[in-house]
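Okay, here's what each chain looks like letter by letter:
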Amino acid sequence: MMERIISAERKLAPVFARVQEVEQLNFERVLAAFQQNSVSVRHFNPSTGYGYGDDSRDTFERVFAQALGAKDALVRPGIASGTHALAVCLFALLRPGQTLFYASGAPYDTLHGVIGIQGQRDGSLLDYDIAYRQADLQPDGTLDFSEIERQLKEDPTIRLVALQRSRGYSWRPTLTLEQIGKAIELVRSIRPEARVMVDNCYGEFVQEREPLHVGADVIVGSLIKNPGGGLAPTGGYIAGEPELIEQCAYRLTAPGVGREIGSWSAGYLPYYQGLYMAPHTVAQAVMGAMLAAQVFADAGFSVSPLPDEPRGDIIQALKLGTPERVIAFCRAIQASSPVDSYVVPEPWGMPGYDNDVIMAAGTFVGGASIELSADAPMREPYIVYMQGALTYTQARYAVAKALAMLA
Ligand SMILES: *Cc1c(COP(=O)(O)O)cnc(C)c1O
């Protein structure tokens, strides 16, 4: 097995070098954010109660904003997940009678209930008379610019245009920043009054810039994915234009008090340290994904993205073709984990999914997908999605183990 790993690494040397260049640039932006905000040991202190004047929290938000190219950011442990952050943003920026327009096809599964895509009320956007429409992606997975243009012209109630950067769990390329920038230009030319939100989950620090650098108004993500660096124990963020961030703060806590309240009695050390580590952790995860792509492509499997294809997120899809291989792969990932390594993953009928699903994650932070993890719906053509790894070494170990278990 090790010869196959080493031969893959030899082929990957030039792409790995490029990943390290991106890491260096992102590191320098993060470091500058820490230094220019004079981060000190006292900023790691916890707070209690209302959290009025919580300098640790406020400084962290400034550092985080700068690191992601934002003028302002709401970054809170009290945001429970990426879905929560996205829901706060959608409800904050839309009003009854207006329309949310997803220009990158159907959104990530957990947003369907937030939007009310299948007619769900239960406090969804639909329940508040906020309409929804989407432009599907083209068959090759890229944005359909003529369809986006048509819909923008057709519907004057569109006030928020959403773009999902990550491929999510589908066999399509990620949106590159170039495509995101082009879509934003199109929106500006037809509906200058509309705002553009990018679901940035899994995308942070994968490229040398972020969607805000190409003109997005607001980006949203989870701290137990890329920007928490594997250390943040929970939380989410919304970053971008200050007046939009203020609206989001009013929605997150209460109108009037907004961002002035919110304490965190466990202390902010893992947030600062996690952000500091994030460019490195993400680079490790990206290199792990590339290694899996190369090794499985060499073994004759279809992989997406290809080992040397430009990446916009940390997800690697491997088309393994049979349920047995998918199960073996997930078991290899679990058995390569520091936590719950003895657990043997089994496919099961998870609520909200049409097929049985198998998941592997032996993570320090519950469900953190910046840590090595894999999952697959048990259906044709039996694709497994792998992401994360706090260290390249662990990803390398896991890929070798998966090869051995599939042999
Ligand atoms: C993970 C993810 C979400 C939802 O985040 P959770 O933290 O799981 O709620 C939304 N969009 C994309 C693209 C994601 O990858």
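Now for a quick tour of the structure.

What counts, and at which threshold
- Residues numbered from 1 in each chain as written.
- Predicted model: local features only at pLDDT ≥ 70, side-chain atom pairs only at ≥ 80, totals over all residues.
- Heavy atoms only, no water.
- Buried < 20%, exposed > 50% of the residue type's maximum accessible area, 1.4 Å probe, protein only.
- Helix = DSSP H or I, 4+ residues; strand = E, 2+ residues; numbered from the N terminus.
- Pairing = 2+ DSSP bridges.
- Salt bridge = Lys/Arg side-chain N within 4 Å of Asp/Glu carboxyl O.
- Core = buried A, V, L, I, M, F, W, Y, C linked by side-chain atoms within 4.5 Å.

### Considering the pairing of strand β11 (residues 373-377)
Within β11, 5 of the 5 residues are buried, which leaves it mostly tucked inside the rest of the structure. The alternating pattern of β11 places S373, D375 and P377 on one face and A374 and A376 on the opposite face, and all of these are buried. In terms of strand pairing, strand β10 (residues 357-361) meets β11 through 5 bridges, oriented antiparallel. The residue of β11 that forms the bridge with A360 is A374. As paired strands, β11 and strand β12 (residues 383-387) are joined by 3 bridges and run antiparallel to one another.

### Observations concerning the pattern of salt bridges
Applying the stated criterion to the full structure yields 22 salt bridges. In this structure, D298 engages K11 in a salt bridge whose closest nitrogen and oxygen atoms are separated by 2.9 Å. Highlighted residues: D298 in helix α8 (residues 269-298) and K11 in helix α1 (residues 2-36), separated in sequence by 287 residues. Relative accessible area serves as the criterion here: at 39%, D298 is assigned to the partly exposed category. A single salt-bridge network, built from bridges that share partners, covers R133, E147, R150, E154 and D155.

### Regarding the pairing of β12
Along any regular strand, the residues point their side chains to alternate faces of the sheet. Across the 5 residues that make up β12, a large majority, 5, are buried. Burial along β12 is two-sided: I383, Y385 and Q387 and V384 and M386, pointing in opposite directions, are all buried. Looking at chain direction, strand β9 (residues 315-319) and β12 are connected through 5 bridges and run antiparallel. Residue pairing in the sheet places I315 in a bridge with Q387 of β12.

### Details of the nonpolar core
Of all hydrophobic cores here, the largest spans 98 residues; its most connected members are L163 and F329. Tallying contributions element by element places α8 first for this core, with 15 residues.

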